[in-house]
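Fold and contact review
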Amino acid sequence: MAVEELQCIIKRCQILEERDFKEEDFGLFQLAGQRCIDDGHIDQLLEVIQDEKNKTIIKSMGWNLVGPVVRCLLRNGEEETRKDCFLMFDLLVKLCNPKELLLGLLELIEEPSGKQISQIILLLLQPLQTVIQKLPHNKAYSVGLALSTLWSQLSLLPVPYSEEQMQTDDYGLCQCCKALIEFMKPFVEEVIDNKENEKLKDELLKFCFKSLKCPLLTAQFLEQSEEVGNDPFRCFASEIIGFLSQIGHPVPQIILNHGRKKRTWDYLEFEEEEDRQLADSVASLTYLVFVQGIGIDQLPLVLSPSYLLQMNMEHIDVFLQRTEQSIFSKGLELLENSLLRLEDNSLLYQYLEIKSFLAVPQGLVKVMTLCPIETLRKKGLAMLQLYIDKLDSQGKYTLFRCLLNTSHHSGVEGFVIQNIKNQIDVSFKKAYNKWFSGPQLISLLDLVLFLPEGAETDLLQNSDRIMASLNLLRYLVIKDNENDNQTGLWTELGKIENNFLKPLHIGLNMSKAHYEAEIKNSQRNSQVASMCKGVCSVTVGGEEIPSMPPEMQLKVLHSALFTFDLIDSVLARVEELIELKTKSTSEESAAEPRFQLCHNLRKMKNTENAQKRLTSK
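Thresholds, definitions, all that
Residues numbered from 1 in each chain as written. Predicted model: local features only at pLDDT ≥ 70, side-chain atom pairs only at ≥ 80, totals over all residues. Heavy atoms only, no water. Helix = DSSP H or I, 4+ residues; strand = E, 2+ residues; numbered from the N terminus. Buried < 20%, exposed > 50% of the residue type's maximum accessible area, 1.4 Å probe, protein only. Contact = heavy atoms within 4.5 Å. Areas by Shrake-Rupley, 256 points an atom, 1.4 Å probe, with all protein chains shown as cover. Core = buried A, V, L, I, M, F, W, Y, C linked by side-chain atoms within 4.5 Å. Expected span 1.5 Å × (residues − 1). Polar contact = N/O pair within 3.5 Å; in protein donor to acceptor, adjacent residues only side chain to side chain. Disulfide = S-S within 2.5 Å. Phe/Tyr/Trp six-rings, centres within 6.5 Å; stacked < 30°, edge-to-face > 60°. Lys NZ or Arg CZ within 6 Å of the ring centre and 35° of its normal. Patch = residues over 30% accessible without salt bridge, like charges linked within 9 Å, V, L, I, M, F, W, Y side chains within 5 Å. Salt bridge = Lys/Arg side-chain N within 4 Å of Asp/Glu carboxyl O. Lys, Arg positive; Asp, Glu negative; His and termini not counted. Charge placed at Lys NZ, Arg CZ, Asp CG, Glu CD. Axes fitted to C-alpha atoms, helices over the stretch in contact; angles between N-to-C directions. Parallel < 35°, antiparallel > 145°, perpendicular 65-115°, else oblique. Left-handed = near helix turned anticlockwise from the far one by under 90°. Nonpolar A, V, L, I, M, F, W, Y, C, P; charged D, E, K, R; others polar. pLDDT = per-residue confidence, 0-100.

Bringing the overall build of the protein into the picture now. Secondary structure summary: the protein contains 26 helices and two strands in total. When burial is assessed residue by residue, the protein has 47% of its 617 residues classed as buried. Sequence separation of at least 24 residues holds for 72% of the intrachain contacts in the protein that already meet a minimum separation of 6. Accessible area for the protein stands at about 31900 Å²; split by element, carbon and sulfur atoms hold 50% of it.

Turning our eyes to something else, we now look at the nonpolar core. In terms of nonpolar packing, the biggest core is built from 189 residues, with Leu128, Phe183, Leu204, Ile420, Leu470 and Leu504 touching the most fellow members. With residues up to four places along the chain from it excluded, the contact list for Leu470 reads Phe500, Leu501, Leu504, Ile567, Val570, Leu571 and Val574.

This brings us to unusual backbone geometry. A cis amide bond links Cys214 with the next residue in sequence, Pro215, at an omega value of 15°. Inspection of the secondary structure assignment puts Pro215 in the loop between helix 12 (198–213) and helix 13 (232–246). Of note, the phi angle at Asp169 is positive, near 50°, even though the residue is not glycine. In this structure Asp169 comes out as buried when scored by relative accessible area, which is 8%.

Okay, the environment of Gln253 next. Relative to the elements of secondary structure, Gln253 occurs in helix 14 (residues 251–257). For Gln253 and Leu299, which are 46 residues apart along the polypeptide, the C-alpha to C-alpha distance reads 9.3 Å.

Okay, helix 13 next. Over its 15 residues, helix 13 extends 21 Å from the first C-alpha to the last, a length consistent with the 21 Å expected when each residue adds 1.5 Å. Buried within helix 13 we find Phe233, Arg234, Phe236, Ala237, Ile240, Ile241, Phe243 and Leu244. With a side-chain oxygen lying 3.2 Å from the backbone nitrogen of Phe233, the N-terminal cap of helix 13 falls on Asp231. Where helix 13 ends, the next residue or the one after it, Gly248, has phi of about 100°, a positive value.

Our focus in this paragraph is the state of the cysteines. Applying the stated rule across the entire model yields zero disulfides. Between Cys177, a free cysteine, and Cys174, which holds the nearest cysteine sulfur, the sulfur-to-sulfur gap is 6.5 Å.

Evaluated as defined, the whole model comprises nine aromatic pairs. One aromatic cluster is present, formed by Tyr397, Phe400, Trp435 and Phe436 through successive ring pairs. Cation over ring: Lys115 sits above Tyr171, and NZ or CZ is 5.6 Å from the ring centre. Taking NZ or CZ as reference, Lys421 lies 5.0 Å from the ring centre of Tyr475, over its face.

Turning our eyes to something else, we now look at a negative patch on the surface. Taken together, the side chains of Asp43, Glu47, Glu78, Glu79 and Glu80 present a region of like negative charge at the surface. Every element with two or more residues in the negative patch is listed here: helix 3 (42–50) and helix 6 (79–95).

Moving on, we come to the packing of helix 12 against helix 13. Here helix 12 crosses helix 13 at 150°, and the two axes come no closer than 10 Å. Looking at the two axes, helix 12 sits roughly antiparallel to helix 13. Once helix 12 is placed against helix 13, the crossing between them reads as left-handed. The segment helix 12 lies against helix 13, with Leu205, Cys208, Ser211 and Leu212 engaging Phe236, Ile240, Phe243 and Leu244. The residue inventory of the contact of helix 12 with helix 13, partitioned by class, reads seven nonpolar, one polar and no charged.

Of all nine residues in helix 5 (residues 66–74), seven are buried; the element is thus mostly enclosed. Turning to helix 5, its buried residues are Val66, Gly67, Pro68, Val69, Val70, Cys72 and Leu73. Positive backbone phi, approximately 55°, marks Asn76, located one or two places after helix 5.

Of all residues in the protein, 86% have pLDDT values of 70 or greater, and the mean over the chain is 87. Averaged pLDDT values for the elements of the protein fall to 54 in strand 1 (residues 536–540) and rise to 98 in helix 19 (residues 374–390). Residue range residues 613–617 is modelled with pLDDT below 50. Its contacts to residues more than four positions away, or to other chains, number zero contacts.

Turning our attention to the pattern of salt bridges. Summed over all chains, the structure comprises 18 salt bridges. In this structure, Glu52 and Lys55 form a salt bridge, with 4.0 Å as the shortest nitrogen-oxygen distance. On the accessibility criterion, Lys55 (45% relative accessible area) is partly exposed. For Lys495, the salt bridge goes to Glu492, with nearest N and O atoms at 3.2 Å. The class for Glu492 is partly exposed, based on a relative accessible area of 22%.

With that settled, the discussion passes to the environment of Ile42. Structurally, Ile42 is set in helix 3. Ile42 sits in the buried class, given a relative accessible area of 5%. For the pair Ile42 and Val3, spaced 39 residues apart in sequence, the C-alpha separation works out to 9.7 Å. Aside from chain neighbours lying at most four places away, what touches Ile42 is Cys36, Ile37, Cys72, Thr81, Asp84, Cys85 and Met88.

Okay, structure coming up:
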């Protein structure tokens, strides 16, 4: 029945000119062809397409059969059927109107979801390339439309992150990346042969930027010691960077121009969203060049380490602003790569006037405090320490002030205070440093030796900061004599006692009393808790501790008391040292007049004896 319908339509259209084909003819031809495929009459449909007398009909109407033929191929039927379908598909690509066929192929690419995305892209990429090359006009527009459609679909696929996932390639993204390179090559060669083909060059440049963002921004790379051919994303990145150079946008031009008021690609009409995503693309390119070493040989060797760091900091900040582990971890790698090029204490404080130089350490703080993965938290901490080590003294001083004012995290503040102590120690042992002694240091200590909310400060939450502050104060008292007062500590001792030591005493007493009362309540209510399925709640500081077994809650409360005892013992030692130092200084001051009096009396007596000897002579 379907074959007869098709033959009827073919006979009627054979006697017509192409311009006389009606819209209903197109519909009937597609419906009949679809029924032939569904009913298994593929061989007869193939004969119709192969018939030279039907060439005009197929050229005008055949593109309507592409969808049914492609869907038949995706069903993975019998080998003979697939063979006929492939032959039919090749004929349609060869005979049909390329403009209509292009739109039909792109519609097919946009349809699927999930794992079918890669299946249909891999099936249609080569025919799509052939169709575009047959177009007589607007080739650049067609290439741009095709690449945009392909990228939109590929960006929906999950990016494999392990070697095993790359090898299995369940969603076919790795295969698609490889096929895309082959798809682009003839168009890149066309630009190389005709440098004035600006429109095609622009479309290729846009796609390269998009590819740098997805999948390369998220993609993980295998160790460079591995064979390059085993890493599909490294191969894809190498090809994309190679394409950029071939179409007139080499790596140095993109990296060195990014961030300037006028960039070499500003004439491109990026959509608003694309323009915002451009920062991700250039950050991805910078990572590929400096960390993965892809295309690094294109960079001039005369660039100084500090200039390279300045150039990369904006991109590092882009990475660290993201929450995806696969992305912000690249920021840590790029920062390490950039900092290791510098000598310690060589990064001038003026660099901190650049926005990204303060944004990056704040981004590191977020990684250190919010990242759920311990190895990345430790990496963030190590990178912050490395960054501090590279700054000069004034830069360290400025960064410490910034972090103390903005981190709002006891552990981070404790880390900063320990670094302040280290810098003071260097000033004592090696060379006088005005930024970590005298008035400058006192200004910094004002941010350290105080309780944010006085005696009502949550000592448990701020325990890291408080312990670091007490250890710093203990060090200063031991190291700096009151007579020398190199740090200025002894002049400010009264203020330190009022703002820090006394409120800390009161806060400790209040906290201990509160937690001791909670322990008694918890023990008293343990019997009631056991009746409630062994779970009870305890309120500390106005907030309820999450439900847990009574034994665990008691352990938490005792741990808090232990922390308070530890703070109390260090506080007592600090006060003891202050008392000893001030007492010994007072005794020395009192002994000085007595020593001077004895010295004067001895001098007078010696003078009298001398006079007596002269008189006797």
